[in-house]
Amino acid sequence: MKADPQYAPEHLALEAVRRLGPEARRWAEQKRAERPDLGPDELAALAARHFTTLARVSGAVSGAAGLPGAVLDVGVLAWTQARMVLHIAAAFGADPTAQERATELLVLQRVHKFGETARIALGVAAGRERASRLFTGASGRPLTRVMMTMGVRLAQMAGIRAARKVFAKMIPGAGMILGTWVNSAATKDLARRAAIHYRND
């Protein structure tokens with residue numbers, strides 16, 4: 001993502017499906033075996049509560065850590081939210097390992113408005129050099145600028161609609177509270193949209 005910060009959400013979505021999809025599928029299978037009385041909506045609600053709690057914790061930590069914490073938090077938050085969406089998809093019977101989930105992640109997280117543009121962006125991101133250039137700084141841009149670009153793009157993915165909300169987490173004495181609130185609100189909103197999408201899919 002550092003070598004290609006403009007496509008950070010696309011790289012994250014692709015990796016989330018690859019790495020987290022199997023985990024979400026196992027979770028849904030286990031929960032159905034343990035609690036056959038739970039329907040898809042109840043399973044989705046369990047996932048939403050769990051990952052909203054994780055989002056609150058990361059928001060509080062980032063609020064106490066200043067700018068580095070704020071930039072790191074949007075990446076952690078976007079990853080946590082991707083895990084949640086994949087768990088909600090599995091709760092409603094969608095295969096969380098299917099590549100189409102990456103497209104849906106980007107649309108549900110409002111990185112792209114339409115599935116077609118999300119698919120094109122994913123194709124562009126997947127076709128770029130990645131592993132060998134991730135940490136080389138080959139883009140030629142100063143690291144601070146790269147991190148800021150990546151932070152803003154991931155903040156967009158995580159539902160933090162304006163960059164000032166990220167930086168507001170650095171306000172002395174208020175950062176922890178604000179970080180918790182922003183992360184929780186964004187994650188709850190995403191959970192609601194994901195449940196509606198997979199319920200009606």
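Since this is a predicted model, take the numbers as computed values, not measurements.

Rules and cut-offs
- Within each chain, residues carry numbers counting from 1 in the order of the written sequence.
- Whole-chain, interface and lining totals are the exception, using all residues; otherwise, since this is a predicted model, local features are given only for residues with pLDDT of at least 70 and side-chain atom pairs are given and counted only at 80 or more.
- Only hydrogens and water are removed before side-chain values are computed, so all heavy atoms of the structure are retained for them.
- Each residue is placed in one exposure class: buried if its accessible area under a 1.4 Å probe, protein chains only, is under 20% of its type's maximum, exposed if it is over 50%, and partly exposed if it falls in between.
- In this text, helices come from DSSP runs of H or I with a minimum length of four residues, and strands from runs of E with a minimum of two, each type numbered from the N-terminal end.
- The salt bridge definition used is simple: a Lys or Arg side-chain nitrogen within 4 Å of an Asp or Glu carboxyl oxygen.
- The nonpolar core is taken to be a set of buried Ala, Val, Leu, Ile, Met, Phe, Trp, Tyr and Cys residues, with the residues joined through side-chain atoms within 4.5 Å.
- The contact criterion used throughout is that any non-hydrogen atoms of two residues lie within 4.5 Å.

S.K.: Sorry if this is basic, but what is going on with helix H3 (residues 100-108) here?
M.R.: In an α-helix there are 3.6 residues to a turn, and that puts residues three or four apart on one side. Of all nine residues making up H3, seven are buried, and the element is well covered by its neighbours. The set of residues buried in H3 consists of Arg-101, Ala-102, Thr-103, Glu-104, Leu-105, Leu-106 and Leu-108. Looking one or two residues past H3, Arg-110 carries a phi angle of roughly 60°, positive in sign.

S.K.: So what exactly am I meant to see when it comes to unusual backbone geometry here?
M.R.: The backbone of Arg-110 shows a phi angle near 60°, a positive value even though the residue is not glycine. Here Arg-110 lies in the loop between H3 and helix H4 (115-127).

S.K.: Mind showing me how you'd approach the pattern of salt bridges here?
M.R.: Where charged atoms of side chains with opposite charge meet at close range, the side chains can pair. Throughout the structure, instances matching the rule amount to 13 salt bridges. In this structure, Glu-104 engages Arg-101 in a salt bridge whose closest nitrogen and oxygen atoms are separated by 2.6 Å. Pair noted here: Glu-104 and Arg-101 are both in helix H3, with a separation of three residues, about one helical turn. Across the pair Asp-189 and Arg-193 runs a salt bridge, and its minimum N-O distance is 2.3 Å. Of this pair, Asp-189 and Arg-193 both sit in helix H7 (residues 175-200), four residues apart, roughly one helical turn. Of the residues examined, Asp-189 reaches a relative accessible area of 26% and is grouped as partly exposed. Connected via shared salt-bridge partners are Arg-110, Asp-189, Arg-192 and Arg-193.

S.K.: Please explain the nonpolar core as it appears in this structure.
M.R.: If you look at soluble globular proteins, the nonpolar side chains tend to sit buried side by side. Residues Val-85, Ile-88, Leu-105 and Tyr-198 are the most contacted members of the largest nonpolar core, which totals 38 residues. Looking at this core, the elements with two or more residues in it are helix H1 (8-34), helix H2 (40-91), H3, H4 and H7. Per-element tally for this core: the top contributor is H2, with 14 residues. In this view, Ile-88 contacts Ala-44, Ala-47, Ala-191, Ala-194, Ala-195 and Tyr-198; residues no more than four positions away in its chain are not counted.

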